[in-house]
Amino acid sequence: MKIEVLYPEICNLFGELMNPEYLARCSGAEVVRTSLKETPRFVTEDIALVYMGYTTERGQEAVRDAFRPYLDALRKRTEAGGVTLFTGNILEVFGEYIETDGKEKIPMLGLFPIHSDRHLMKRYNSLYLGKLGDITVAGFKSQFGHSYGDVGEGLFTTTRGPGLNPGVKPEGVRVNNLMATYLIGPLTVINPPFTKYLLKLMGVEDPVLAFEDAAMDAYNTRLEEFSDPKRGFTY
Amino acid sequence: MDKSSTYVKPRGLAAVRFFLALWASKLTVPLLKITRHNGTNFPGEVAMKLCPDFLKYVARPEKIITVTGTDGKTSVSNLLVDMLESAGHRVLNNRMGSNINSGIATSLLTGCTVFNRSRHDMAVLEVDERSSRRVYPYIHPDMTVITNLFRDSLMRNAHPEFIAGFLNESFPPDTRLILNADDLISSGVAPENPRVYFGIERMEGDVVACVNRLNDLRVCPKCYGELIFEYRRYHHIGRAHCCDCGFSSPEYDYAGCEVNTADMTMLVRDAGGEARYRLLSDSVFNIYNELTAIAVMRELGMSHGEIQKLTAGLKIVESRYKAEHVGNVDVIMQMSKDRNPLASSRAIDYVTHKPGDKELLLMMNNLSDEVDWSENVCWLYDCDFEFLADERVKHIICTGPRAKDYYLRLLLAGVPGDRVDCVRNEFDAADKLHLTPGTSVYMLYGADNRSLSMAFDVRKKVMRLAKEAAER
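Peer 1: With reference to specific residues and values, describe the overall build of chain B.
Peer 2: Of the regular secondary structure elements, chain B holds 15 helices and 17 strands. A compact globule built from 472 residues should have a C-alpha radius of gyration of about 23 Å, and chain B, at 23 Å, falls within 12% of that. Per-residue burial for chain B yields a buried fraction of 52% across its 472 residues. In chain B, the share of contacts with a sequence separation of at least 24, taken over all contacts with a separation of at least 6, comes to 70%.

In structure tokens:
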């Protein structure tokens, strides 16, 4: 089993490289890394999970340019049920465009029916609590803008915090097993139930997480905090 | 651009407004003291509220040096102020205040008379990177130091490329930049400005591949090509070139060489000569800070001999590192900075490389964050907790609101579970210390005011426990 990390040389902010590392430790999968100048392995190989994490604004354009030739391959992978996870602002790269401070529209890959805005003088920081079926997901957001468009139910249904934008409940985008979320950081480490769900999609039967007891203990504490109505959700 | 043009004498109604703001804000200074409030921003906030252009009109010294960057700006500013004062200058500074625009306004208003005359001949101002756009339109520095740029608080600073972009648009075009040649991110800021570079030549312990989790420059910043490091100190700090486009680290104008932490000396070489300096600290980070300060003093026209004399009595600020032998153990306070993977990684690296057995109290929580929300823990996964798997680290206690997050992080870092305790309450955590004779007890703590206060309170308990353990 292989996990492919796309463009880790620029998609590595906020501790997100721990996601593929943790999933590998929980599954015994091999982690393979593909740089901007290489052809992604998933185009020709059987990859259990393709992962890409948060990058800089300049990095978003580099990812767009590097990935464009493989967009059809990703479409085919997704139609076939392949599992893919994008975190943070990578979601915006697969939208139609990013509008910067109401001035310039930067075209993106157009896989998702969304567009995004970017306000470099603002930083939207929040906690997040949401649901994926009966799984509760807790996480963090930190971004320069939001996304807009019809994403159906999205990836998560928001309980507290902003969805794809502060006005909607759906958070992220989901197409079959292609999942993209604005949540950042070590999402899999801090959300053991979601991680088990992901591992099952990847083909791991009855997954056991690395340091599961400690992970669950920290997760339960966080859920309790995030469920406290007195807890502020924006920073 | 005429530098004096940034210090505008107010006229007409603007003068009325300015002087009202100056006098009202000056009044708040003794009021804060009487009421025992520690509001270092408050007088500046009052001034800018009453007169939004306050920074434009308030008097300032003839010569201004600003210091910015992710880490080391406070240490470098303090070193500069101490040296310049020892050299006989009257130096305005914001070491007791904050480094954002209102803090700088506070420093300037307290540094001038009621008739708006500066009492100082120089200023050394630490400026927060994010405040640059609100400071530099009004404050026109002769020199600006950028210590380095790393990822910092992700909520505020996002990432170093963003901060570099911020700085690119902030500095007046004739401000001379003093830059770290060993940092390919900050050394490229504001390329049109006049500049000199400092850096440290190859040192014992340098590596080529990155051994840190946090690496803000994995590829060439120009073309995303492969970066080859001739030597790397830590993270992305070192000397490198790009295989694809030829981009490379700049040459040093001020080179630290022959760094010797055994006899605590470093040779500093520049176009005007060379001299051997006493090291103020054996941590590489502080060696950079010292070299930076020496480079600034050289740029101010001082000779190596003069600077050597000025460094003789210098010390690193105690609030960041405080060691004391109590009973049978050493108790060491090591500020690590919450939410900052770089500062914490450097602190952890420093601690693990110290000789002997250690016991650690991990309390780098941001207690101010916990009042209103829940601290974002993403940074823990950019921080080198892996170094704590060293066998000489005998015992670690995770404490504070994020204790369970630290515990999980340590397990994932390869620290054996039987070496780690997890105790929510900081004072109860102190009770868990083994205080084995001959051990160094390190307290790693956060930098926000609540965390600082908590750390020093817990330290009192640790000292008492260490004393009692020795008496038993």
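Peer 1: Which residues make up helix H8 (residues 160–168) of chain B, and what values do they have?
Peer 2: Restricting attention to buried positions, one finds in H8 of chain B the residues Pro160, Glu161, Ile163 and Leu167 of chain B. One side of H8 of chain B carries all its buried residues, which in axial view fall inside an arc of 160°. Taken together, the buried residues of H8 of chain B touch helix H2 (57–67) of chain A together with helix H6 (132–135), strand S4 (143–146) and helix H7 (154–157) of chain B.

Peer 1: Can you break down the domain arrangement of chain B residue by residue, with the values?
Peer 2: Residues and elements named next belong to chain B. For chain B, the domain assignment lists domain 1 (61–105 + 115–201 + 252–311) and domain 2 (321–471). Relative to domain 2, the C-alpha centre of domain 1 lies at a distance of 30 Å. At the junction of the two partners, domain 1 supplies 10 residues and domain 2 supplies 11 residues. Within the side of domain 1 that touches domain 2, the residues separate by chemical class into four nonpolar, three polar and three charged.

Peer 1: Describe the interface of chain B and chain A, and please don't skip the residues or the numbers.
Peer 2: Opposite the 26 residues of chain B that make contact, chain A presents 32 residues. Where the side of chain B that touches chain A is concerned, the elements lending two or more residues are H7, H8 and helix H13 (403–412) of chain B. Ranked by the residues each element gives to the side of chain B that touches chain A, the list is headed by H13 of chain B, at six residues. Classifying every residue of the side of chain B that touches chain A by side-chain character gives 15 nonpolar, three polar and eight charged.

Peer 1: Summarise the pairing of strand S13 (residues 329–335) of chain B; cite the residues concerned and give the values.
Peer 2: Residues and elements named next belong to chain B. Counting buried residues in S13 gives six out of seven residues, a clear majority hidden from the surface. Where strand S12 (residues 321–326) lies against S13, six bridges are found, and the strand directions are antiparallel. Bridge pairing links tyrosine 321 to glutamine 334 in S13. The pairing of S13 with strand S17 (residues 440–445) spans six bridges and is classified as parallel. The residue of S17 that forms the bridge with methionine 333 is methionine 443.

Peer 1: Describe unusual backbone geometry, naming the residues involved and giving the relevant values.
Peer 2: All names here are of chain A. In this structure, aspartate 101 takes a positive phi of about 45° despite not being glycine. On the basis of neighbour count, aspartate 101 is assigned to the partly exposed category, with 13 C-beta atoms found within 10 Å. One non-glycine residue, aspartate 206, lies in positive phi territory at about 50°. Look at aspartate 206 and you get exposed, because 7 C-beta atoms sit within 10 Å.

Peer 1: Go over the sheet that holds strand S11 (residues 273–278) of chain B, please, and point to the residues and values.
Peer 2: All names here are of chain B. Read from one edge to the other, the open sheet built from nine strands follows the order S2-S3-S1-S4-S5-S6-S9-S10-S11, with strand pairing classed as mixed. What marks the edges here is a single partner per strand, and that holds for strand S2 (91–93) and S11. The sheet shows a mean angle of 20° between the axes of neighbouring strands, direction not considered. Both S4 and strand S5 (residues 176–180) contribute to a ladder of four bridges, which runs parallel. Across the sheet, residue threonine 144 finds its bridge partner in S5, namely leucine 177.

Peer 1: Break down the sheet that holds strand S4 (residues 83–87) of chain A for me, citing the residues and quoting the values.
Peer 2: Residues and elements named next belong to chain A. Pairing within the open sheet is mixed, and its six strands lie in the order S2-S1-S3-S4-S14-S13. Unpaired on one side and paired on the other, strand S2 (30–34) and strand S13 (173–175) mark the two borders of the sheet. Strand after strand, the sheet turns through a mean of 15° between neighbouring axes, direction not considered. As paired elements, strand S3 (residues 49–52) and S4 share four bridges and run parallel to each other. Across the sheet, methionine 52 pairs through a bridge with phenylalanine 86, a residue of S4. Along the sheet, helix H1 (residues 18–27) contacts strand S1 (2–6), S2, S3 and S4; its crossing angle with S1, the most-contacted strand, is approximately 175°.

About the cut-offs
Residues numbered from 1 in each chain as written. Chains lettered and ligands numbered in written order. Predicted model: local features only at pLDDT ≥ 70, side-chain atom pairs only at ≥ 80, totals over all residues. Helix = DSSP H or I, 4+ residues; strand = E, 2+ residues; numbered from the N terminus. Rg over C-alpha atoms; globule rule 2.2 N^0.38 Å. Buried ≥ 20, exposed ≤ 12 C-beta atoms within 10 Å, placed from the backbone. Contact = placed C-beta atoms within 7 Å. Arc of directions from axis to C-beta. Domains from an automatic or database assignment. Nonpolar A, V, L, I, M, F, W, Y, C, P; charged D, E, K, R; others polar. Pairing = 2+ DSSP bridges. Axes fitted to C-alpha atoms, helices over the stretch in contact; angles between N-to-C directions.

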